[in-house]
Amino acid sequence: MDPLFDQINVRDLLSGHDLSDPSTPLSAPDLRLLISRLESHSLHIQSKVRSYLLSHRDDFASLFSQCNDAVSKTNEISDNLSDIFSSISDRPIDVEIRKLVCEIGNTTKEAREKREMLGLLRIIVAICERLEGARSALSNGRLRFAAEEVKELKKAVRIGDEEEGEPIVYGLLRKQWADLFDEVQDLFSKFMEHAVWFEQDSKTIRVKYILSVDEMDGIELRTVMEAMGAAGILDYSLAKAADLIIKHVITPAVNYESPVALVEDVSQGSEGISEAVLKLLPSEDHNVVDVDGGAIYARVIQVIKFIFKHLCFENGSWIHSFGRLTWPRISELIISKFLSKVVPEDASKLPDFQKIIKCTSEFEISLREMMFISASDDKDYRLSNYAENVEVHFAFRKKTEILGRARNLLLQCDFSVPQNYTSKGALLKNDGMASGQVVDLIFSSERCVVSKASSQLMELVHQTLQDVCLSSTRVALEFYHAARDSILLYEAVIPVKLERQLDGINQVAILMHNDCLYLSREILGLAFEYRTDFPDSIKEHAVFADMAPSFHLMAEEILQRQIQIVIFNLREAIDGADGFQNTHQMQQFESAKFSIEQVVFILEKVRIIWEPLLRPSTYKRSMCMVLESVFSRITKDMLLLDDLAAEETLQLQRLIHLMLDNLSSLLKSLVSVTDSSGKSEDSIRPIDDIIPSLRKIRKLAELLDMPLKSITSAWESGELFSCGFTIPELKDFIRAIFADSTLRNECIWRIENVSLY
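Note that the coordinates shown come from a computational prediction; the quantities given were computed from them, not determined experimentally.

We now examine the overall build of the protein. Helix and strand content of the protein: 28 helices and 8 strands. Counting over 757 residues, the protein shows a buried share of 41%. Here the analysis covers contacts within the protein between residues at least 6 apart in sequence; of these, 71% occur between residues at least 24 apart. In the form shown here, the protein has an accessible surface area of approximately 41300 Å², with 53% of it arising from carbon and sulfur atoms.

Below, the structure is given as structure tokens:
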């Protein structure tokens, strides 16, 4: 059949036509010929196909039969699938399968949880049985087994490893374990109380080898120690025994002033040692001074060896536990009872302390060999560290003593002034030096009275700085700081102590001013006096000048505070004059006169306090400030008066003269103040220049009875201007005294228009 379906070649059907040129069109005859031949060819193909089908009829029949069978089976399968899909849609099997899977999972989980719960129950039951077994072993005397069980059960019940959400039963188990642990501790504490005790009457410490507690007889001390070590409670159980031994044996053994002797004895029984005792007896060599501590260290070593042999049975771990409990207290006892008491009082004796340092080092080596103290922990070598730093301890103790003396000097001083200093010229008397309160000020030839506290304080500072020059570097540094701190104590103690007295007019404030001035000067001189003799390392750090400004400032503040208090009191007295108004009336005049008398009284009181104590220059400066305040205030009040009667001007003049007459001795004292060379300072600067208002108030007294023309002439000559009067003041004064007139207006005009500059 294949040749029938080959491609038809048109060229073959038109073989007689020239087809070389594709563009040549076919003619009608050619087309008819082509159609005829195609039809002929088609008939030929049909004939061939029919012949082929007829010749293969059986084959095609078999093929069609197979196809029919296949279609039938396909329909059957389709029907079956339809049935299945119908069944599925009526009963959703996937839900049942999922439910079944969940049931299987839940059952499996429950089974697993039950297995885990069963395992947990087995563990809990086992722990409970072990707890009961340990408690039973404890009561039966199997102490080591009980101790080991307690230690292992601690891990089983996870003590210290609690978690949130864990079963409640773990809390119950922990409580049972804690109860058992308390029973173990209590029992072992009872054993140790029976094993080690002190007889007060015989001064004897006893260690018993065979113990009986709570109907448990014949328990060996070694067994108890082993059990305590296995349980990890050795420190707790030995604590009471350690305290007993320190209190009754170690403390007397390290007593430097009342030494004792230690006698050891052992009682033998049928099965070996039954008891060991250590007896304390009064020392026969109590008159022998233990200069290097060898005897004290020997006694302590004897006690520790006794414990090492008879209580710890030469077990290094046990004696080390005992050492951890007792060594901090023992070392503190040795330091407080011995080492601190033999620290040299004098720096020259420091080399003799080397013997004590050597004995102390050998003592700690012996303890280390017995494993009583650690070989690697530097904290256990407290005694050696303390002894080797004796210079520091010596210096610290001396510093403490110096500061204590300084504080006592300051607190005990009452700042009283001897009678020979309360009169003028006391500072110039030679016998004043005998009391130690009159001092020369450095960088000045002036002298002043100071308190005993400050003078003795500086004596202490000078002594301390002299020791700095003779001491080693570490000691010198402590002494240097002691000197500085002693000076600073004055600043910290005295102002607080005298705070109330500084609010009044008294000698205490002036003494404190002098103290601060004196200390500031002395401080500035310390470096010049001692620096060259200081050790080289101290020279670089020694500074004193930084303290001087604060004392100088304090001195000035105290003085200014006193001046302001005096001025305040004077102003209150002047206020009583009511501005000096209406003094032509007797009552008002008497009131003004009383105020003037009060002013004079206060000024004389201040003079009595200040003049003997203050430096002359300070006294003059301070008193002039006070007088300037008084005179300026009185002058101002009088110049503010208006419409003065003739009698009133005379009364005001009388009051001024009264005041100046009563203050004449005070003013003379200021004029006679001498400088450091002994020359009178008034020849250098008149007192009226220092107190400008004094000249003004004197001139005011003259103006009160001076004619108007004379007043005008005095202004034109510049006399009143030189006295401090101003044009407004003079105009108001003229208007207050003189009635309105052509002459008054003319004089006022002349005053306004005169040029004085």
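For the rest of this paragraph, the subject is the confidence of the model for the protein. Low pLDDT means the predicted coordinates in that region are not meant to be read closely. When pLDDT is averaged across the protein, the result is 83; 87% of the residues are at 70 or more. When mean pLDDT is compared element by element in the protein, helix α18 (residues 548-575) scores highest at 94, while helix α1 (residues 10-13) scores lowest at 60. Counting interchain partners and residues more than four positions distant, the pLDDT-below-50 stretch residues 424-436 has 22 contacts.

On to the packing of helix α13 (residues 390-412) against helix α15 (residues 473-497), then. At a minimum axis distance of 9 Å, the contact between α13 and α15 shows a crossing angle of 20 degrees. With respect to α15, the element α13 is oriented roughly parallel. Crossing handedness for the pair α13 and α15: right-handed. In terms of residue class, the contact of α13 with α15 is made up of 15 nonpolar, 3 polar and 8 charged.

This part covers the sheet that holds strand β5 (residues 260-269). Strands sit in the order β1-β2-β6-β5 across an open sheet of 4 strands; the sheet is antiparallel. A single partner strand is all that each edge strand has here, and the edge strands are β1 (196-199) and β5. Neighbour-to-neighbour, the strand axes of this sheet turn through a mean angle of 20 degrees, independent of strand direction. Pairing between β5 and strand β6 (residues 272-282): 10 bridges, direction antiparallel. Paired with V260 across the bridge in β6 is P282. Where helix α8 (residues 234-253) meets the sheet, its contacts fall on β1, β2 (204-208), β5 and β6, and the angle it forms with β1 comes to roughly 40 degrees.

Okay, the nonpolar core next. Generally speaking, nonpolar side chains in soluble globular proteins are found buried as a group. Counting residues in hydrophobic clusters, the biggest one holds 213 residues, and the most contacted among them are F580 and W610. Ranked by the residues each element gives to this core, the list is headed by α18, at 13 residues. Residues within four places of W610 in sequence aside, it is in contact with I510, Q562, I563, V566, Y619, S622, M623 and V626.

Parameters and conventions
- Residues numbered from 1 in each chain as written.
- Predicted model: local features only at pLDDT ≥ 70, side-chain atom pairs only at ≥ 80, totals over all residues.
- Heavy atoms only, no water.
- Helix = DSSP H or I, 4+ residues; strand = E, 2+ residues; numbered from the N terminus.
- Buried < 20%, exposed > 50% of the residue type's maximum accessible area, 1.4 Å probe, protein only.
- Contact = heavy atoms within 4.5 Å.
- Areas by Shrake-Rupley, 256 points an atom, 1.4 Å probe, with all protein chains shown as cover.
- pLDDT = per-residue confidence, 0-100.
- Axes fitted to C-alpha atoms, helices over the stretch in contact; angles between N-to-C directions.
- Parallel < 35°, antiparallel > 145°, perpendicular 65-115°, else oblique.
- Left-handed = near helix turned anticlockwise from the far one by under 90°.
- Nonpolar A, V, L, I, M, F, W, Y, C, P; charged D, E, K, R; others polar.
- Pairing = 2+ DSSP bridges.
- Core = buried A, V, L, I, M, F, W, Y, C linked by side-chain atoms within 4.5 Å.

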